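Below, each chain spelled out in residue letters.
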Amino acid sequence: MIMELSGRTPLGSLTDKWEKHKNELKLVNPSNKRKFSVIVVGTGLAGSSAAATLAELGYNVTAITYNDSPRRAHSIAAQGGINAAKNYQNDGDSVWRLFYDTIKGGDFRAREANVYRLAQVSGNIIDQCVAQGVPFAREYGGYLANRSFGGAQVSRTFYARGQTGQQLLLGAYQALSRQVGLGKVNLLTKKEMMDVVVVDGRAHGVVIRDLVDGKIESLTADAVLLCTGGYSNVFYLSTNAKACNVTAAYRAYKRGALFANPCFTQIHPTCIPVSGDYQSKLTLMSESLRNDGRIWVPKERGDTRLPNLIPEIERDYYLERKYPSFGNLSPRDIASRAAKEVCDDGRGVGPGGKGVYLDFADAISRLGRKVIEDRYGNLFEMYQRITGEDPYSVPMRIYPAVHYTMGGLWVDYNLMSNVNGLFVLGEANFSDHGANRLGASALMQGLADGYFIIPYTVGGYLASTGPGTHTEAVRNKAAEAVQHSEEKITRLLAINGKRTPTSFHRELGKIMWDKCGMARNEQGLQSALVEIPQLRDEFWNNLRVPGTGEELNQSLEHASRVADFLEFAELMVRDALHRKESCGGHFREEFQTEDGEAKRNDNDFTYVAAWEYNGNNAPLMHKEHLHFENVELATRSYK
Amino acid sequence: MNLRLHIWRQKEPGAQGMLKAYDVADVSEHMSFLEMLDVLNERLLENGEDPVAFEHDCREGICGTCGMVINGRPHGPEPKTTVCQLHMRSFHDGDSITIEPWRASAFPVVKDLVVDRSAFDRIVQKGGYISVNTGNAPDGNAIPVPKVNADLAMDAASCIGCGACVAACPNASAMLFTAAKIGHLHALPQGHAEKGARVYNMVLAMDDEGFGACTNHLECEAACPKGISSLFIAKLNTEFVITSLL
Amino acid sequence: MRRLIEVWRSTVFQKWVMAITGVMLGGFLLAHLAGNLLIFVGADDMNAYAVELRELLHGSAIWVMRAVLVISLVLHVRAGIVLAQRNRTASGGRYAVTSYQRSTLASRSMLLTGLLILSYVLYHLAHFTFGAIHTEYYHYIDSMGRHDVYRMVVESFRQPVITILYVVAVIVTGFHLQHAIASAFQTLGINHPRYSPSIKMGGTLLSILIVIGFISVPMAIIFGLVQ
């Protein structure tokens, strides 16, 4: 049955919805809160902030992470900053402008009311973080400093050097640690979520595996929060941390939660290129480099001369040529695709021809080395550490890489999935960024969900349903789910083939990057739909995992995650195939304007595609049509 | 280049471990140190041997998950560099490299190069925070913070909790870690209300976890991938004695 | 009370005890050095100084000083041993390969040098303060009927064994001080990015001066500069 989904957005004017909704949500009496238990999976920005806040309110919280400490979550790697509509700069910023920038940046594929609420609570996040001791950058007068970021005409980004994600995560981690110290949060580290316990369409707990001794057990609770991040690692090479995976979200999907817009993935144009087959991950270089660097490739194919020996006339500054008004500062998706185009044309530079030059020679001769050093010193240092080349004398080489996924589990206005009691926060849900995320918005969303939205909506849910975990049915279902997970582990260990988990992951990544990466077309996607199941078959017949399931076994952990990626990849390809339009991070080559720009199809695709697991059959697609009552759908142009 | 590695292999906590030699051929200088270990592990896996367990996650020097002692130095020979950011161009063909886990009683070995650093979390749980519930906060600009204080707080707060300070310290002391957290929170006006209790409880927690005492060798400062200054330790010393005696 | 015990037992406080008592002992060392250098002024001044020291405040001053010194010494040694034991347990077996960057041989051998100094101090006290050993030099009386400290020192240091032991002990002490001085500043929290290099340098310089000062006495005697 295909259904039309409802985001259950409250009625009323856009500006009043959240206030009104908060007033209408039922409350749990303070003395009753301790009778409810909540499981939070993942301890990044969303998970830590939610777990800490729910514990402060009095709920019994269990927080789970597969890392050795909550502080390791990949939120820590965000560099640039966090947006908030504070208007401290008096430059005309407002909740409305932040809302509008975000919804437009997302190419009009996000839910209006959610995005507006995000902008509304953005200011509270800054206040909360300052109170926690997050050392945001300050002006000499002692007040908070701001910088500007892509996709906005105002200065609204708060930052802590180049380590904003780290500092925000440590703030949330410390709030969480306080609750652990007070005995209000039961913190479980080195535990990986393997499954969700769902009875009659309601989530009652999770199955977890201890990564040190391999023990698999179930935990039950009145509500489950998945704060498990994105799935960029389906591409194997991405800027995500090595352990990031889709397992938690995918398991929830297999238990009935809908997966929304999985094909919306974001490619960042300025990453350090791959240097060899052994490459294990990609490193992002801040987008700000494009303010002074000029991007070029040789005009001739296969020109292997050193960059400094290629005369000006034989260089193609392709972004300046194609987009004269935005030039090197054209948006992420456009700059990324242009780089791919020239490399596909055989004009890429560096090992394997997968790179373009980002040249600072002009800027250095114009401004002097000192100025460039002040602006980008730390980035140049990082580049040199990784590549061994000195970017002051040799142009940097950059190439696009996957770094964020806008798609995720479908949630309603309360951030609850279609499975009752299963909430999804942060990058793991699909809700706020549409088809493309603006810089400095991921941190904002994670913390908004955890600090300021979930504490209200989980309360509303629990107040209206009451406790109900201690039933025979839940116990049976939990035992069954444990057994199911144990069987999966046993199966992985029993294959005893020849290939390593990494080799499968790498091969899957290549299929996805080539066929479902920066640019996609019908033919490529169709062939991916053939190749992925073949690879999956081989995986289940030719995988080798040494050791046992009763010890720290990193190959086994990896294999279990790759197994889910191999299934999930197919879902992603299906979604990309069905969306016959180009929007944001999803670029279908068949749908472009004459000069190669993305062509959105608002008539047919202004909806969220939410996929339902359907056993061995093709998944079913449900739609949530997006209604834009407050903004007008416009075309993005950067010529 | 070709390398000979001597790697600490230990099956499980408490088991007897030993250094085992492995030859790795055709290492590219562009590989990171961890990628070089990946190559070794892939080969071990293909031969049906147990790969070397080591921890890593972000591989860009910020999560603090990775860490191993390379030829006697935590995170290897390069200053202010985590092992994931260390590249093989820092080594030469024919080098012999000894790789050991962090050694400290408070960081028991879990397997091979993996150690249990949860002691750090427990120190933070005893006071490494500011007690402010969500929703309590006044406006972010309500309390101006002098830029020098904000910068000092940021210097201390850049700690990634990797444990290199403990690994480098001949006494396995956790003073730099503890002092950095206290230094961060005490540089800001927001952290002042709980100053006394924080420093007292965190120092006692640190001792309870079985870390050694600081005897000012300052190896920690040299090993810290974020270059956190030992001056934070000096500050902690004074604050602890003053607040606990008054 | 429980809190006081907890504070006392903490590593940070023990280090602080170490630093404070170390400063007391170091102060004594400097005063001792000043007294020793009187040998270059002459026998009369030196012997008079010895008498004054014993008779100051009707003879009570020296006992107060001795009490403070003994307490300092006991606490200093105790803290040193307790912390060293703790550190040995904490370090949990060391590395197959070590490569130190900032610590020094001095900083890593504080317990050893400390114990060596302690044993020398006991020997030294038995010799010069209590006259329990080398008694042949202890009973000289000068022309004014005072205990002839000057002659005791001069004749003692004409014995190579006594001099060698003394010189070695002084060098070991200098070694101990080289780490101790900068370390005390750090432990007592007197530190600043601008001054810490100077503190470190000053500490080393002071240790060298102390060593030279102490050794100058037997050297002057051996080379006949002091008769």
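Quick notes on the rules
Residues numbered from 1 in each chain as written. Chains lettered and ligands numbered in written order. Predicted model: local features only at pLDDT ≥ 70, side-chain atom pairs only at ≥ 80, totals over all residues. Helix = DSSP H or I, 4+ residues; strand = E, 2+ residues; numbered from the N terminus. Buried ≥ 20, exposed ≤ 12 C-beta atoms within 10 Å, placed from the backbone. Contact = placed C-beta atoms within 7 Å. Pairing = 2+ DSSP bridges. Axes fitted to C-alpha atoms, helices over the stretch in contact; angles between N-to-C directions. Nonpolar A, V, L, I, M, F, W, Y, C, P; charged D, E, K, R; others polar. Core = buried A, V, L, I, M, F, W, Y, C linked by C-beta atoms within 7 Å. Expected span 1.5 Å × (residues − 1). Domains from an automatic or database assignment. Bend = angle between axes of the 7 residues up to and from the residue. pLDDT = per-residue confidence, 0-100.

Along the backbone of chain C there are 9 helices and 0 strands. The order of α-helices and β-strands along chain C, N terminus first, is α-α-α-α-α-α-α-α-α. Its C-alpha atoms give chain C principal-axis dimensions of about 60 × 45 × 35 Å. The buried share of chain C, taken over its 227 residues, is 29%. Counting contacts in chain C only where the partners sit at least 6 residues apart, residues at least 24 apart contribute 75% of the total.

Here we come to the overall build of chain B. Each helix and strand counted, chain B has 8 helices and 7 strands in total. Overall size of chain B, expressed as C-alpha extent along the three principal axes, is 60 × 35 × 35 Å. Expressed as a percentage of the 246 residues in chain B, the buried residues total 63%. Residue pairs in contact within chain B that sit at least 24 positions apart in sequence constitute 71% of those at least 6 positions apart.

Right, let's get into the sheet that holds strand β19 (residues 620-625) of chain A. Residues and elements named next belong to chain A. One open sheet holds the 4 strands; their spatial order is β16-β10-β18-β19, and the pairing between them is antiparallel. Strands at the two margins of the open sheet, each flanked by one partner only, are β16 (408-409) and β19. Bridge analysis of strand β18 (residues 607-612) against β19 gives 6 bridges, and the strand direction is antiparallel. Each residue of the ladder has a partner; that of A610, found in β19, is H622. Together, β10 (259-260), β18 and β19 form the strand contacts of helix α16 (residues 554-578), whose direction differs from that of β18 by roughly 145 degrees.

Where the residue is not glycine, phi is negative for most of them; where a peptide bond is considered, it is trans in most cases. Residues and elements named next belong to chain B. A positive phi angle, close to 60 degrees, is found at N216, a residue other than glycine. Here N216 is to be found in the loop between α6 (195-208) and α7 (219-223). One non-glycine residue with positive phi stands out, namely L218, at about 65 degrees. Its place among the elements puts L218 in the loop between α6 and α7.

All names here are of chain B. Spatially, 5 strands are ordered β2-β1-β5-β3-β4 in an open sheet, and the strand pairing comes out mixed. Taken across any chain shown, the strands that pair with only one partner, and hence form the sheet edges, are β2 (18-24) and β4 (73-74). Across 4 bridges, the pairing between strand β1 (residues 3-9) and strand β5 (residues 96-100) is parallel. Within β5, the position partnered with R4 by the bridge is S96.

Further remarks concern the interface of chain C and chain B. At the junction of the two partners, chain C supplies 38 residues and chain B supplies 40 residues. Those elements that place two or more of their residues in the side of chain C that touches chain B are α1 (2-9), α2 (11-37), α4 (60-91), α5 (105-108) and α8 (160-187) of chain C. Grouping the constituent residues of the side of chain C that touches chain B by class yields 13 nonpolar, 19 polar and 6 charged.

Residue-level contacts link 68 residues of chain B with 64 residues of chain A. With 7 residues, the top contributor of residues to the side of chain B that touches chain A is helix α1 (residues 33-46) of chain B. When grouped by side-chain class, the residues that make up the side of chain B that touches chain A number 27 nonpolar, 23 polar and 18 charged.

In this assembly, 2 pairs of chains are in contact, and the pair contributing the most contacts is chains A and B. Kept free of each other, chain A and chain C leave a smallest C-alpha distance of 20 Å between them.

Looking now at the nonpolar core. L225, L226 and L409 of chain A are the most contacted members of the largest nonpolar core, which totals 323 residues. Excluding anything up to four places from it in sequence, L226 of chain A contacts V41, G42, A248, A249, A252, L409, L422, V424 and A428 of chain A.

Looking now at α4 of chain C. Residue and element names in this part refer to chain C. For α4, which comprises 32 residues, the first-to-last C-alpha distance of 46 Å matches the rise-based estimate of 46 Å (1.5 Å per residue) to within 8%. Burial in α4 covers these residues: S72, H76, A79, G80, L83, R86, N87, A90 and S91. Just downstream of α4, G92 is the residue with a positive phi angle, here 55 degrees.

All names here are of chain B. Splitting chain B by domain gives domain 1 (3-110) and domain 2 (118-245). On a C-alpha basis, the centres of domain 1 and domain 2 stand 29 Å from each other. Listed by partner, the interface residues are 18 residues for domain 1 and 17 residues for domain 2. When grouped by side-chain class, the residues that make up the side of domain 1 that touches domain 2 number 8 nonpolar, 7 polar and 3 charged.

Across 2 bridges, the pairing between β10 of chain A and β18 of chain A is antiparallel. If you follow A260 of chain A over to β18 of chain A, its bridge partner there is A610 of chain A.

Residue and element names in this part refer to chain A. Relative to the 27 Å expected for 19 residues at 1.5 Å per residue, helix α11 (residues 369-387) spans just 20 Å between its end C-alpha atoms, considerably shorter than the ideal helical length. Taking the largest bend as the criterion, α11 deviates by roughly 80 degrees, centred on Y376. The complete set of buried residues in α11 reads Y376, M382, Y383 and T387. As for α11, its buried residues are in contact with β15 (396-405). G388 lies just past α11 and shows a positive phi near 75 degrees.

Once that is clear, we can look at the confidence of the model for chain C. On average, residues of chain C score 94 in pLDDT, and 100% of them are at 70 or above. Here the predicted complex carries an ipTM of 0.98, next to a pTM of 0.96.

Attention now moves to the pairing of strand β6 (residues 191-199) of chain A. All names here are of chain A. Burial of β6 is extensive: 8 of the 9 residues sit out of reach of the surface. Pairing of β6 with strand β7 (residues 202-210) involves 8 bridges; the strand directions are antiparallel. Note that in β7 the partner of E192 across the bridge is R209.

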